[in-house]
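# Fold and geometry: a report
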Amino acid sequence: MSIYVIDDHPLMREAIVMVLRRLRPSENVVELDRLDKLANAVEHHGRPKLFCLDLKLPDVTGVSGVLTVKESYPDIPVAVYSASPAADMEEACIEAGTDIYIEKSSGSAELTAALRGLLSADDGDLEPPAPTGKLSRRQTQLIAMLDQGLSNRDIATQLEISEHTVKVHLWRLFRRLGVKSRTQALHHARSHGLLSNLR
């Protein structure tokens, strides 16, 4: 399996690759400057484990790149990074299937924390997996907090964790429930009686 970093700006791509190789020295990291090279790269380098995708590429722009990736690889996590503020694009990217949104203005420590959290969540390192058919303690907490309408910042403050870690926990929750957004997660929770168990 390989991690694919897709960005046409060499400096930004190299920065992402450097962080990934520091976090996962044994992983194969593949660099691409266009999305249309992905299929051929996967043939040569193996199934993706994670995508790190710039929103603006020569052959795609905005969420179209995310949609393209998720169409071919629906179960593979996608980290999007962009020059656009999160307030402008994050919600649309999450709805399209992005697992975490990173602003290019983020510092090295923030970028590292975001990617570490996503890789750890995919490895199941953040918390013990829940038994089949059940949510973990943290996921149960998140459902209750979503029901209260708390923002990621509010959740981070209450749980005394970073906002990036909140996003990773939400990503795991969404994947566990088979949903893509807070709204869908709450609808699922209500229709399956998950909230009634918390009251």
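Residues numbered from 1 in each chain as written. Predicted model: local features only at pLDDT ≥ 70, side-chain atom pairs only at ≥ 80, totals over all residues. Heavy atoms only, no water.

## Brief notes about the overall build of the protein
What the protein contains, in helices and strands, is nine helices and five strands. At 17 Å, the protein has a C-alpha radius of gyration in line with the 16 Å of a compact globule built from 199 residues. Principal axes of the C-alpha set define a box for the protein whose edges measure 50 × 30 × 30 Å. In the protein, once contacts between residues fewer than 6 apart in sequence are set aside, the share between residues at least 24 apart is 65%. Summing over all exposed atoms, the protein offers an accessible surface of approximately 10,100 Å²; the carbon and sulfur share of this is 50%. Charge separation in the protein, taken as the distance between the mean sites of 24 positive and 27 negative side-chain charges, equals 5 Å. (Helix = DSSP H or I, 4+ residues; strand = E, 2+ residues; numbered from the N terminus. Rg over C-alpha atoms; globule rule 2.2 N^0.38 Å. Contact = heavy atoms within 4.5 Å. Areas by Shrake-Rupley, 256 points an atom, 1.4 Å probe, with all protein chains shown as cover. Lys, Arg positive; Asp, Glu negative; His and termini not counted. Charge placed at Lys NZ, Arg CZ, Asp CG, Glu CD.)

## Focus on the pattern of salt bridges
When their charged atoms lie close together, side chains carrying opposite charge are able to pair. Following the criterion strictly, the structure yields eight salt bridges and no others. The salt bridge involving E31 is made with R13; its shortest N-O contact spans 3.1 Å. Remark: R13 occurs in helix α1 (residues 10-23) and E31 occurs in strand β2 (residues 28-32); sequence separation between them is 18 residues. For the salt bridge of K37 with D33, the shortest nitrogen-to-oxygen distance reads 2.9 Å. On the accessibility criterion, D33 (30% relative accessible area) is partly exposed. (Salt bridge = Lys/Arg side-chain N within 4 Å of Asp/Glu carboxyl O. Buried < 20%, exposed > 50% of the residue type's maximum accessible area, 1.4 Å probe, protein only.)

## Concerning helix α9 (residues 182-191)
For α9, the full list of buried residues reads A185, L186, H188 and A189. Taken around the axis of α9, the buried residues stretch over an arc of 160 degrees, which confines them to a single face. Among the exposed residues of α9, those oriented more than 90 degrees off its buried face are T183, H187 and R190. Buried residues in α9 make contact with α6 (137-147) and α8 (163-177). At the exit of α9 stands G193, carrying a positive phi of roughly 70 degrees. (Arc of directions from axis to C-beta.)

## Side note on the state of the cysteines
The final tally for this structure, using the stated rule, is zero disulfides. Residue C52 stays outside any disulfide, its sulfur separated by 14 Å from that of C93, the closest cysteine. Residue C52 is classed as buried on the basis of its relative accessible area, which comes to 1%. (Disulfide = S-S within 2.5 Å.)

## Digging into the pairing of strand β3 (residues 48-54)
The buried fraction of β3 is high, at seven of seven residues. By the bridge criterion, five bridges tie strand β1 (residues 2-6) to β3 in an arrangement that is parallel. Residue pairing across strands places Y4 opposite F51, the latter belonging to β3. Relative to strand β4 (residues 78-82), β3 runs parallel, the two sharing four bridges. Within β4, the position partnered with L53 by the bridge is V80. Between the parallel pair β3 and β4, the chain is carried across by helix α3 (residues 64-72), and the sense of this crossover is right-handed. (Pairing = 2+ DSSP bridges. Right-handed = clockwise from strand over helix to strand, strands pointing away.)

## Quick look at the pairing of strand β5 (residues 100-103)
Examined bridge by bridge, β4 and β5 share four bridges and lie parallel to one another. By the bridge assignment, Y81 is partnered in β5 with I102. With helix α4 (residues 86-96) bridging β4 and the parallel β5, this β-α-β connection has right-handed handedness.

## Topic: the sheet that holds β3
Reading across the sheet, the five strands line up as β2-β1-β3-β4-β5 and stay open at both edges, with parallel pairing between neighbours. Edge positions in the sheet fall to β2 and β5, since each of these pairs with one other strand and no more. Taking the axes of each pair of neighbouring strands and ignoring which way they run, one obtains an average angle of 20 degrees across the sheet. In this fold helix α2 (residues 38-45) packs onto β1, β2 and β3, with an angle of close to 155 degrees to the strand it touches most, β1. (Axes fitted to C-alpha atoms, helices over the stretch in contact; angles between N-to-C directions.)

## Brief notes about the nonpolar core
Most often, soluble globular proteins keep nonpolar side chains buried together rather than apart. Among the nonpolar cores identified, the biggest contains 23 residues, and Y4, I6, L35, L38, F51 and L53 are the most heavily contacted of them. For this core, the secondary structure elements donating two or more residues are β1, β2, α2, β3, α3, β4 and α4. Residues within four places of I6 in sequence aside, it is in contact with L32, R34, L35, L38, F51, C52, L53, D54, L57 and Y81. By size, the runner-up hydrophobic cluster in this structure holds 22 residues, among which are I16, V17, L20 and W171. (Core = buried A, V, L, I, M, F, W, Y, C linked by side-chain atoms within 4.5 Å.)

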